[in-house]
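Secondary and tertiary structure notes
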Amino acid sequence: MEAENESGSDQVIQENYSRLVSRVIHEYDIIDVEPGARSEESANEDVKSRDSSQDDVTLPRVNCPEKIIICLDMSSEMDKVSFRSRSGDKWTPMKLVRRALSFFLHSKQRLNRNHQFALVHLFDKASWVKDFTGNVRSIISALDDMSDTVELQSFNATSLFDLIHQCVPLPELEGDTTILPPPYIVRMLFIYGRSNGLIEFRNKESFRQLDSSPYFFFDAMYVHEPQSPENRCEEIFDRLCDLDEKGMSYIFEAARNPTRLYDQMAKLLAHPLQRPLQSEIAYRLHNIADLTDT
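These notes cover the structure that comes with them. Residue positions are given per chain, counted from 1 along the sequence in the order it is written. With the structure being a predicted model, the display of local features is reserved for residues of pLDDT at least 70 and the display and counting of side-chain atom pairs for 80 or more, all residues being used for whole-chain, interface and lining totals. Side-chain descriptors were evaluated using all non-hydrogen atoms of the structure, hydrogens and water having been removed beforehand.

Within the chain, the secondary structure is distributed over nine helices and twelve strands. Here the term buried applies to any residue with accessible area under 20% of the maximum for its type, exposed to any over 50%, and partly exposed to those in between, with areas from a 1.4 Å probe on protein chains only. Within the chain, the fraction of its 294 residues that count as buried is 50%. Here, two residues are considered to be in contact whenever any of their heavy atoms come within 4.5 Å of each other. Sequence separation of at least 24 residues holds for 82% of the intrachain contacts in the chain that already meet a minimum separation of 6. When the accessible surface of the chain is totalled, it reaches about 14400 Å², and 45% of it is carbon and sulfur. Put simply, DSSP marks the helices as runs of H or I at least four residues long and the strands as runs of E at least two long, and each gets a number from the N terminus on. Only the protein chains shown count as cover for residues, and the accessible areas themselves come from Shrake-Rupley with a 1.4 Å probe.

Right under this line is the structure:
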């Protein structure tokens with residue numbers, strides 16, 4: 001009975017999520033910020049302002065196909081109960097992330113059926129699990145059938161960028177890039193759930209080669225315990241922000257709040273070529289009731 005109720009609940013949530021997408025689930029507002037001032041949204045997200053290194057490359061704002069690499073943390077911290085709903089239900093980060101990814105995948109496919117997805121597991125090093133496919137069900141099946149989480153400390157980020165550099169070719173810059181869209185772009189969706197395990201680099205050669213392309217994007221969702229002297233959440237989040245050298249990334253975080261995690265994942269639906277910089281926007285998410293009443 002509980003399984004049936006949960007399945008029904010998932011279906012309702014997914015239908016509402018899809019309805020939000022089809023009716024424009026969020027709006028962008030450009031914020032005028034006085035010199036030296038910091039917007040409330042960027043302060044809440046603790047995102048650092050950066051100058052873009054791609055001012056000399058102007059790309060068309062089109063919904064071209066994305067090759068999205070879902071990089072999922074397999075640390076045992078992802079299986080510890082840390083999220084609680086308003087009704088008192090308890091959830092592990094992994095279960096919430098898997099549900100959010102299911103909604104994300106279905107919604108992205110609805111926006112453009114040419115999007116493709118791949119899956120990478122993050123242990124102490126990165127491991128390629130599922131090659132690119134447009135079959136969302138196969139990715140969800142891989143998420144459901146994945147191996148058990150293990151006790152892990154730091155993560156070797158060099159292994160991840162080396163792996164992607166070897167496995168994923170990036171489009172070449174050809175013709176008038178202001179008019180001609182690329183055949184596809186590559187986006188990493190880095191989902192990390194360690195509150196004490198630092199992200200470490202042995203070298204950044206592969207990262208810099210990937211990041212030098214205007215068709216490569218790095219986004220992150222950091223799921224963690226509330227910040228305290230007993231963990232290193234702030235340091236880990238700062239290291240994620242430091243990877244946004246171009247100022248083009250979306251880097252979000254959530255701690256023990258299921259609604260916030262779902263909201264942040266919804267923001268990641270935006271296409272990198274069409275969205276504004278994270279430091280220049282504020283989101284207004286419509287309530288489902290507001291949409292269904294109209």
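By secondary structure assignment, the location of Pro 65 is in the loop between helix H2 (40–45) and strand S2 (66–73). Placed 51 residues apart in sequence, Pro 65 and Gln 116 show a C-alpha to C-alpha distance of 7.5 Å. Each residue touching Pro 65, except ones within four places of it in the same chain, is listed here: Asn 112, Asn 114, His 115, Pro 183, Tyr 184 and Ile 185.

With that settled, the discussion passes to the pattern of salt bridges. Should a side-chain nitrogen of Lys or Arg be within 4 Å of a carboxyl oxygen of Asp or Glu, the pair is scored as a salt bridge. Counted by the stated rule, this structure contains eleven salt bridges. The salt bridge involving Arg 187 is made with Glu 66; its shortest N-O contact spans 2.8 Å. Taken together, the positions of Arg 187 in strand S8 (residues 185–192) and Glu 66 in strand S2 put the pair 121 residues apart, joining distant regions of the chain. Note on Arg 187: relative accessible area 1%, which makes it buried. The salt bridge partner of Lys 246 is Asp 211, with a shortest N-O separation of 3.7 Å.

Multiplying 1.5 Å by the residue count of a helix minus one yields the expected span of that helix. Here helix H3 (residues 93–111) spans 26 Å end to end across 19 residues, near enough to the 27 Å set by a 1.5 Å rise per residue. For H3, the tally of buried residues reaches 14 of 19 residues, placing the bulk of the element in the interior.

Overall, mixed pairing links the six strands, which are arranged S6-S5-S2-S8-S10-S11 in an open sheet. Sheet topology places strand S6 (126–133) and strand S11 (251–254) at the edges, where each strand pairs with a single neighbour. Strand-to-strand twist across the sheet, computed as the mean angle between neighbouring axes with direction ignored, equals 15°. Only strands that DSSP links by at least two bridges are regarded as paired with each other. Summarising the sheet, S2 and S8 pair through seven bridges and their orientation is parallel. Note on definitions: angles span 0 to 180 degrees between N-to-C directions of axes, and those axes are lines fitted to C-alpha atoms, for helices only across the stretch in contact.

To describe a pair of aromatic rings, one takes the distance between the centres and the angle between the planes. Only Phe, Tyr and Trp rings take part, Trp by its six-membered ring, and two of them pair if their centres are within 6.5 Å. Stacked means planes under 30 degrees apart, edge-to-face means over 60, and tilted covers everything else. All told, the structure shown has twelve aromatic pairs when counted by the stated rule. Each ring, one from Phe 103 and one from Tyr 262, has its centre 6.0 Å from the other, and the planes form 40°; the classification is tilted. In this pair, Phe 103 sits in helix H3 while Tyr 262 sits in helix H8 (residues 258–267), placing the two residues 159 residues apart along the sequence. Owing to a relative accessible area of 17%, Tyr 262 belongs among the buried residues under this scheme.

Within the secondary structure layout, Arg 232 lies in the loop between strand S10 (216–223) and helix H7 (233–242). The exposure class of Arg 232 is partly exposed, given its relative accessible area of 37%. With 36 residues separating them along the chain, Arg 232 and Asn 196 place their C-alpha atoms 5.0 Å apart. Among all residues touching Arg 232, those that are not within four sequence positions of it are Ser 195, Asn 196 and Leu 198.

Both faces of the sheet carry side chains from a regular strand, because those side chains alternate between them. Counting buried positions along S10 yields eight of eight residues, so the element is predominantly enclosed. Pairing between S10 and S11: four bridges, direction parallel. Among the inter-strand pairings, Met 221 is bridged to a residue of S11, identified as Phe 252.

A word on the pairing of S2. Of all eight residues making up S2, eight are buried, and the element is well covered by its neighbours. Burial of S2 is two-sided: the residues Glu 66, Ile 68, Ile 70 and Leu 72 facing one way and the residues Lys 67, Ile 69, Cys 71 and Asp 73 facing the other way are all buried. The sheet contact formed by S2 and strand S5 (residues 116–122) spans seven bridges and is parallel. What sits directly across from Cys 71, in S5, is Val 120.

Turning next to the nonpolar core. General note: in soluble globular proteins, nonpolar side chains tend to be found buried as a group. Working definition of a nonpolar core: buried Ala, Val, Leu, Ile, Met, Phe, Trp, Tyr and Cys residues. They are joined through side-chain atoms within 4.5 Å. Core analysis: the biggest nonpolar cluster contains 38 residues, and Leu 72, Leu 261 and Met 265 have the highest contact counts within it. When contributions to this core are tallied by element, the ones reaching two or more residues are S2, H3, S5, helix H4 (136–144), S8, S10, S11 and H8. Residue contributions to this core peak at eight residues, all from H3. Once residues lying within four places of it in the same chain are set aside, the contact partners of Leu 72 are Met 78, Met 94, Val 97, Leu 119, Val 120, His 121, Leu 122, Leu 143, Met 146 and Ile 191. Core analysis: the next-biggest nonpolar cluster, separate from the first, contains 34 residues, Ile 69, Phe 190, Tyr 192 and Leu 240 among them.

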